[in-house]
Amino acid sequence: MQGFVPTCLALASFTHYSILIEASLADRSRIVKVRGGPYRDNGRPIEGPKYRNTRWSDARDSLLNRKADQQRILKSNTYNRGESLRKKDDMSGGKIGIESMSRDLSQLTGCCSNYQYNSAADLCDLYGQDCQEGGGGGDGSGDEDCSMEGLSFVGISFSVNTANGSPYSYQLCDQFPMENIIDRDYDYVMSMDEDGWLVGGGYKSFDYSGKMPYIDSSHTELLRVGSMDPDRGGTSIEQVYSAMSSVSFTPFSVFPEYLKGGGGHNSGDDGDDDETPSSDVTFIVSIVESFNDNDSYSDYDSFLDQLFQAMDDVGGGPCMDDHDTDPHVSMARGVKFHSSYHSEQYMYAANLEVAVWQSMYPNGVVIGSDRYASFPPGTRTQKSYVGYGSLYFFFDRANITQVFGASRSLTDDESYYATLYKGSDVSGFYSDTTDVDFNYGGGSGDQGEWEHNPYAWKATSAMHDMTDGWDLPPNCQQEGETFLGIPLSRQSDSKMQTSSTFQTQFALENFIDRNYTYVNSFGTNHGWLIGESIGNAVGSIVDKDTAHIPLFYTGTTNSNMGGISLSNLIKVVKSIQFGNLYIKPAFVFIDDNGHLKLQFEADSNSAMGYLYDNLCKELGIMWNYNSPENNYGLYTNCAMHSAGDRAAYGCGPENSNSGGFCPQMTIAYSVKFNSADYAAAYLTMANDYVDYWRSLYPTGVAVGTS
């Protein structure tokens, strides 16, 4: 097809900086040889529309011959080697029967012929999913006049800019070195959700963990504004700015209380009680109450009263909280430690740092910095002086759009403490603080004693809930979100994040409910993963379009922690030859974790299935007496796929559903619909588009762009 780049494999960490990997197609001589010589070949095309028009008979004959060969092999294996080779429920990724190493070249292009006349609803049933009920609706905000939840808020920022974090993070907190209370080196932590540490500086691009290069978003909320859509009970940005400009406040001092574990969904990937427990990590702070002479009402309480009244005066919506929040800093979610001992050791080390801060600031400290910054991030507007005691409006947790300064400058006493850490030698505080003399609740919740068992890992672990931490295989000491997959993104409307256009075949924008007709909110800070827009009323993080099909999770690129370096990974994958990766949408559904996904047909005989087989053979982990092998002798202990896994063990009606091959694209996490009826209506709408694409590409399509 002229002006068209066929589907190529991309290597991506969750930074989503994609690296194209070379692919080699079968050349004419190999095609001619398989077709029986130049006489029978007669110049027939090997790809493109003319090829697809003549492929049906070849595919049909190939399928019949392949099934006949499989039956003969199965009978032979059963007779010669016993019943164990027919085992279908092997969850370990071990071999099932004798594997044929020969392939028809007709298997190297096109896909998904067996179900080309089935609808999305048919395939949803065949794959064992429910595409009608939709998993129910959201529970709303608790106010009948608020029809949309939201995440926008007014609060205090603890963002820091560090050498190991994102270079774009703000330096808004000179008082608490937040980097000191996170485990960036994975000494204690095994894994977290895909966002990783929300505090301590953010992440650099190409971090070993494969986390998205988000800026530091640490904060504590003082007022949850919620939805920004006045028509749905929300409050507009202009109303928030007007209200905040009409109130005055003195600099508030913050006291560091303690760091704790616990809470969170503790989801586990399969609801298995034997899995490593997960929880959130939270830093508890408090606003120090200060009183004027003969006043029984604190400055902070007075400010809250003024703010609530001001929001009411400008017509603030019912979605806004009518009370202040409990001050805290969410540090990480879905955290899994190596063991209960590691959890306790981390909590003690982090709280020992908090104890140092308490000794430095016995009466709290005003948060701030003497830096200048532009708001929102990424804009070229004139930089504003940050100052001390400022409050910020967060459109979403990663997007400060406005700063509001305190009504007065710091007193001498406040100034001394606010500049103590940055302007003085504080080593004495660290040497004098040798114990934690406050209660912080121990480890990560009330889980008792436990230890992660890497030998409980299974091949289906690749089907992972990204809002939770990974359960890692043996000899892997650090998580990694890096994967090989097919990017499906298009150029983003976001000015803060930039997206590349990788395909023009699927208008995935059709899946996005921009007007929130069906969707009420999301269970995470992320909204539509296939491209969120600036000004979205829910206040979701403005992500670039990260649409993709993850095919093979390679794990961390830190070779010192059991992974494989990025350069070595590219070297191995470049040596694998594969044909055009044809893909075909199957249906849209909501999985067991409440995430909205697009399933693609899991054709184990396609080029994608063939590639998956070879990735497992060359880069899968050693498991169940199967070892990987490649020409370079470069391997990883952190892939989430075993060397013995094959596409035929993946999901779908023709596969055994015991392996990691299941091509899916996540549309959004933890979607909350307005009601169960709206959820069903959304799924019907989405699958109408899928049926259209299925008719447009009956044997799949090699996505790409010129």
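Just above sits the structure.
First things first, this report covers the structure right here in the doc. For clarity, every value in this text was computed on a predicted model and none was experimentally measured.

### Considering the overall build of the protein
Within the protein, the secondary structure is distributed over 13 helices and 22 strands. Counting over 706 residues, the protein shows a buried share of 58%. When contacts within the protein are restricted to residue pairs at least 6 apart in sequence, those whose partners lie at least 24 apart make up 74%. Carbon and sulfur atoms form 45% of the exposed surface of the protein, whose accessible area is close to 30,000 Å².

### Comments concerning the sheet that holds strand 5 (residues 219–226)
With respect to topology, four strands assemble into an open sheet ordered 5-3-12-13, the strand pairing being antiparallel. In this open sheet, the two strands that pair with only one neighbour each are strand 5 and strand 13 (399–404). The mean angle between the axes of side-by-side strands here comes to 30 degrees, regardless of whether they run parallel or antiparallel. In this sheet, strand 12 (residues 391–396) lies alongside strand 3 (residues 152–157) in antiparallel orientation, the contact comprising three bridges. From the neighbouring strand, Gly-155 faces strand 12, where its bridge partner is Tyr-392.

### Describing helix 6 (residues 299–313)
Relative to the 21 Å expected for 15 residues at 1.5 Å per residue, helix 6 spans 21 Å between its end C-alpha atoms, a close match to the ideal helical length. For helix 6, the set of buried residues is Asp-299, Tyr-300, Phe-303, Leu-304, Leu-307, Ala-310 and Met-311. Axial view of helix 6: buried residues confined to an arc of 135 degrees, hence all on one face. Exposed residues on helix 6 whose side chains face more than 90 degrees from its buried face are Asp-312 and Asp-313. Residues of helix 6 that are buried in the fold lie against strand 5, helix 5 (237–245), strand 7 (279–287) and strand 12. One or two positions beyond helix 6, positive phi appears at Gly-315, with a value near 85 degrees.

### With respect to the state of the cysteines
A covalent bond between the sulfur atoms of two cysteines is referred to as a disulfide. If you walk through the whole model with that rule in mind, you get five disulfides. Covalent S-S linkage joins Cys-124 and Cys-131, the inter-sulfur distance amounting to 2.0 Å. As the torsion about the S-S bond is roughly 100 degrees, the Cys-124-Cys-131 disulfide counts as right-handed. Of the residues examined, Cys-124 reaches a relative accessible area of 2% and is grouped as buried. Here Cys-146 connects covalently by a disulfide to Cys-319, the sulfurs 1.9 Å from one another. Sign of the S-S torsion, about 105 degrees for the bond between Cys-146 and Cys-319, identifies this disulfide as right-handed. Residue Cys-146 is located in the loop between helix 4 (120–126) and strand 3, and its partner Cys-319 is located in the loop between helix 6 and strand 8 (328–337); the two are separated by 173 residues in the primary sequence. Judged by relative accessible area, Cys-319 falls into the buried class, the value being 9%. Here the cysteine-cysteine linkages of the protein are recorded as 1-2, 3-4, 5-6, 7-8, 9-10, numbering only bonded cysteines and doing so in sequence order.

### Quick word on the sheet that holds strand 9 (residues 365–366)
Strand-to-strand pairing in sheets goes through backbone hydrogen bonds, with the strands running parallel or antiparallel. Taken in spatial order, the five strands line up as 4-8-7-6-9 in an open sheet, and their pairing is antiparallel. In this open sheet, the two strands that pair with only one neighbour each are strand 4 (189–191) and strand 9. Bridge count between strand 6 (residues 253–262) and strand 9: two bridges; the pairing is antiparallel. Among the inter-strand pairings, Val-254 is bridged to a residue of strand 9, identified as Val-365. Sitting on the sheet, helix 7 (residues 340–360) touches strand 6, strand 7 and strand 8, and the angle it makes with strand 6 is about 175 degrees.

### Observations concerning the nonpolar core
Grouped together as the largest cluster of nonpolar side chains are 86 residues, with contacts concentrated most on Leu-488, Leu-508, Phe-511, Trp-528, Ile-667 and Tyr-682. Counting 67 residues, the second largest nonpolar core, distinct from the first, contains Ala-243, Phe-252, Ala-350 and Val-356.

### A word on the pattern of salt bridges
Throughout the structure, instances matching the rule amount to 11 salt bridges. In this structure, Arg-184 engages Glu-179 in a salt bridge whose closest nitrogen and oxygen atoms are separated by 3.1 Å. No difference in accessibility class separates Arg-184 from Glu-179, as the two residues are buried. Two residues, Lys-597 and Asp-591, come together in a salt bridge whose shortest N-O distance is 3.2 Å. In this structure, Lys-597 and Asp-591 share a single accessibility class: buried.

### What to know about the pairing of strand 7
The element strand 7 is largely enclosed, with a buried count of nine among its nine residues. The pairing of strand 6 with strand 7 spans eight bridges and is classified as antiparallel. Across the sheet, Phe-255 pairs through a bridge with Ser-286, a residue of strand 7.

### Points about the side chain of Glu-221
Here Glu-221 is to be found in strand 5. Side-chain polar atoms of Glu-221 contact the side chain of Arg-224, separated by 2.9 Å. Look past the residues within four positions of Glu-221 in its chain and what remains in contact with it is Phe-153, Val-154, Gly-155 and Thr-325.

### Observations regarding unusual backbone geometry
In this structure, Cys-112 takes a positive phi of about 65 degrees despite not being glycine. The topology assignment puts Cys-112 in the loop between helix 3 (49–81) and helix 4. Non-glycine residue Asn-624 carries a positive phi angle of around 55 degrees.

Calculation notes
Residues numbered from 1 in each chain as written. Predicted model: local features only at pLDDT ≥ 70, side-chain atom pairs only at ≥ 80, totals over all residues. Heavy atoms only, no water. Helix = DSSP H or I, 4+ residues; strand = E, 2+ residues; numbered from the N terminus. Buried < 20%, exposed > 50% of the residue type's maximum accessible area, 1.4 Å probe, protein only. Contact = heavy atoms within 4.5 Å. Areas by Shrake-Rupley, 256 points an atom, 1.4 Å probe, with all protein chains shown as cover. Pairing = 2+ DSSP bridges. Axes fitted to C-alpha atoms, helices over the stretch in contact; angles between N-to-C directions. Expected span 1.5 Å × (residues − 1). Arc of directions from axis to C-beta. Disulfide = S-S within 2.5 Å. Core = buried A, V, L, I, M, F, W, Y, C linked by side-chain atoms within 4.5 Å. Salt bridge = Lys/Arg side-chain N within 4 Å of Asp/Glu carboxyl O. Polar contact = N/O pair within 3.5 Å; in protein donor to acceptor, adjacent residues only side chain to side chain.

Any functional reading would require information beyond the geometric quantities listed.
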